[in-house]
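Descriptive analysis of the structure
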Amino acid sequence: MIKQWQAVDDYIAGRLIARPEQQHETLDANRRSGLPAIDVSAPQGKLLHILSRALRARRILEIGTLGGFSTIWLARALEPGGKVVTVEFDPRHAEVARANIAREGLTDRVDLRVGAALDILPKIEAEGAGPFDLSFIDADKTNNAAYFNWALKMSRPGALIIVDNVVRDGAVADPSTKEDSALGARALFDAVADESRVTATAIQTVGSKGWDGFLIAMVK
Ligand code: SAH
Ligand code: DHB
Ligand code: MG
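First, a word on what this report is: a plain description of the structure on this page. Every chain is numbered independently, its residues counted from 1 as its sequence is written. Chain A is the first chain written and ligand 1 is the first ligand written, with later ones labelled in order. Per-residue local features are limited, in this predicted model, to residues with pLDDT of at least 70; the limit for side-chain atom pairs, both in listing and counting, is 80 or more; totals at the level of whole chains, interfaces and linings are taken over all residues. Computation of side-chain values covers all heavy atoms of the structure but excludes hydrogens and water.

**With respect to the overall build of the protein**
Scanning the protein from N- to C-terminus turns up 8 helices and 7 strands. Every radius of gyration here is taken over C-alpha atoms, with the globule rule written as 2.2 Å times N^0.38, N being the number of residues. Relative to a compact globule of 220 residues, whose C-alpha radius of gyration would be 17 Å, the protein shows 16 Å and is just as compact. Buried residues are those whose accessible area, probed at 1.4 Å on protein chains only, stays under 20% of the maximum for their type, while exposed residues exceed 50% and partly exposed ones sit between those limits. Every one of the 220 residues in the protein was classed for burial, and the buried ones make up 49%. Every residue pair with non-hydrogen atoms within 4.5 Å of one another is taken to be in contact. Put simply, of all contacts in the protein between residues at least 6 apart along the chain, 70% involve residues at least 24 apart. To be clear on the numbers: accessible area is Shrake-Rupley with a 1.4 Å probe, and residue cover counts the displayed protein chains and nothing else. About 10,600 Å² of surface is accessible on the protein, with carbon and sulfur atoms providing 55% of the total. Seen as two clouds, the 27 positive and the 29 negative side-chain charges of the protein have centres 5 Å apart. Helix numbering and strand numbering both begin at the N terminus, where a helix is a DSSP run of H or I of at least 4 residues and a strand a DSSP run of E of at least 2. Positive charges are assigned to Lys and Arg, negative charges to Asp and Glu, while His and the chain termini are left out of the count. Charged groups are reduced to one reference atom each: NZ for lysine, CZ for arginine, CG for aspartic acid, CD for glutamic acid.

Set out below in structure tokens:
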């Protein structure tokens, strides 16, 4: 990562993101608990928050909770009575997320499910927890195309489906890459390209998390 990318993320957060101490409580707890430092950055979290508010989201689906940093940004954006349904495979991560979400006073707005997303998503669908206004996909990258299809199945018209980590230092466009996450991103691009029910783009990002990107699909 280039040093200035971090400096600019810090500058953006310093000017535009309120209550940095609350951000730090969750991120500090995640690091103290030994969770990997792969939470979305604060500017990225706020982007998710703004998009959710623009959609007046009441139902949000998240795949990949980690310590709940992105979950908290999403939950704070909900309309009254809304819910984030978030899925996390690792019970240790889920426990840290639960504590962070409780500290932020958001327990009643977050429905945290522990298990492999491909096992849990059919249950979420069967329960009728959707249709979702926004889905944020940020778990194991090899299943991204499958997660996209589940999110699409449970989305309302006009919903957004956002997928993190689709650029991977440019590996997505490197024909010789053997990186699983880049191959997963490519399978996702193929699935989205072939899907006439969405219109989509992807935006490359640099920042505290290096060079990566978001795919954003809108359900027609
Ligand atoms: N969205 C979080 C970061 C998620 S990191 C944030 O920005 O704060 C990716 C998470 O996906 C990890 O916690 C990992 O345990 C989880 N994960 C990996 N495989 C999974 C699976 N099959 N189902 C659900 N979660 C999974
Ligand atoms: C990495 C970054 C992420 O945002 C993520 O969800 C998983 C892994 C990484 O940089 O390794
Ligand atoms: Mg990610």
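**Comments concerning the site of ligand 2**
Ile38, Asp138, Lys141, Asp164, Asn165, Arg168 and Lys209 make up every residue found near ligand 2. Under this definition, polar contacts are N or O atom pairs within 3.5 Å; protein pairs additionally need one hydrogen-donor-capable and one acceptor-capable atom, and for neighbouring residues in sequence, both atoms have to be side-chain atoms. Interatomic distance of 3.3 Å between a side-chain N/O atom of Arg168 and an oxygen atom of ligand 2. Looking at side-chain class alone, the shell around ligand 2 contains 1 nonpolar, 1 polar and 5 charged residues. In this text, near means that some heavy atom of the residue lies within 4 Å of the molecule or strand in question. Under the scheme applied here, ten amino acids are nonpolar (Ala, Val, Leu, Ile, Met, Phe, Trp, Tyr, Cys and Pro), four are charged (Asp, Glu, Lys and Arg), and all others, including Gly, are polar.

**Observations regarding helix α3 (residues 42-54)**
Expected span of a helix, by definition, is 1.5 Å for each gap between consecutive residues, and there is one gap fewer than residues. The end-to-end C-alpha distance of α3 is 18 Å, a good match for the 18 Å that 13 residues give at a rise of 1.5 Å each. Within α3 the residues assigned to the buried category are Ala42, Gln44, Gly45, Leu48, His49 and Ser52. Taken around the axis of α3, the buried residues stretch over an arc of 165°, which confines them to a single face. A positive backbone phi angle near 50° is found at Arg56, which sits one or two residues after α3. Our arc is simply the arc of the directions from the helix axis toward the C-beta atoms.

**Considering the coordination of the magnesium ion (ligand 3)**
Around the magnesium ion (ligand 3), the protein supplies Asp138 (OD), Asp164 (OD) and Asn165 (OD1) as donor atoms, at distances of 2.0 to 2.2 Å. Metal sites are built from N, O and S donor atoms within 2.8 Å, or 3.2 Å for Na, K and Ca, and they leave out water, so they may look incomplete. Read N to C, the donor residues that coordinate the magnesium ion (ligand 3) are spaced as D-x25-D-N. Judged by relative accessible area, which is 7%, Asn165 ranks as buried.

**Observations regarding the pattern of salt bridges**
Throughout this description, the term salt bridge denotes a Lys or Arg side-chain nitrogen within 4 Å of a carboxyl oxygen of Asp or Glu. Within the structure shown, the criterion is met by 13 salt bridges. With a shortest N-O distance of 4.0 Å, Glu179 and Arg168 are connected by a salt bridge. Here Glu179 is found in the loop between β5 (155-164) and α8 (180-193), whereas its partner Arg168 is found in the loop between β5 and α8, with 11 residues between them in sequence. Look at Glu179 and you get partly exposed, because its relative accessible area is 35%. Taking the shortest distance from any N to any O, the salt bridge between Asp212 and Arg168 comes out at 2.6 Å. Placement of Asp212 in strand β7 (residues 210-219) and of Arg168 in the loop between β5 and α8 is noted, with a sequence separation of 44 residues between them.

**Focus: the sheet that holds strand β3 (residues 110-114)**
What makes two strands pair is DSSP finding at least two bridges between them. Taken in spatial order, the 7 strands of this open sheet run β3-β2-β1-β4-β5-β7-β6, and their pairing is mixed. Of all the strands in the sheet, the pair left with one neighbour each is β3 and β6 (198-207). When the angles between neighbouring strand axes are averaged without regard to direction, this sheet yields 15°. The pairing of β5 with β7 spans 5 bridges and is classified as antiparallel. By the bridge assignment for β7, Leu160 is matched with Met218. To get an axis, a line is fitted to the C-alpha atoms, and for a helix only the part in contact is used. The angle between two axes follows their N-to-C directions and goes from 0 to 180 degrees. Contacts between helix α5 (residues 91-103) and the sheet are confined to β2 (83-88) and β3, with β3 contributing the most and set at about 165° to the helix.

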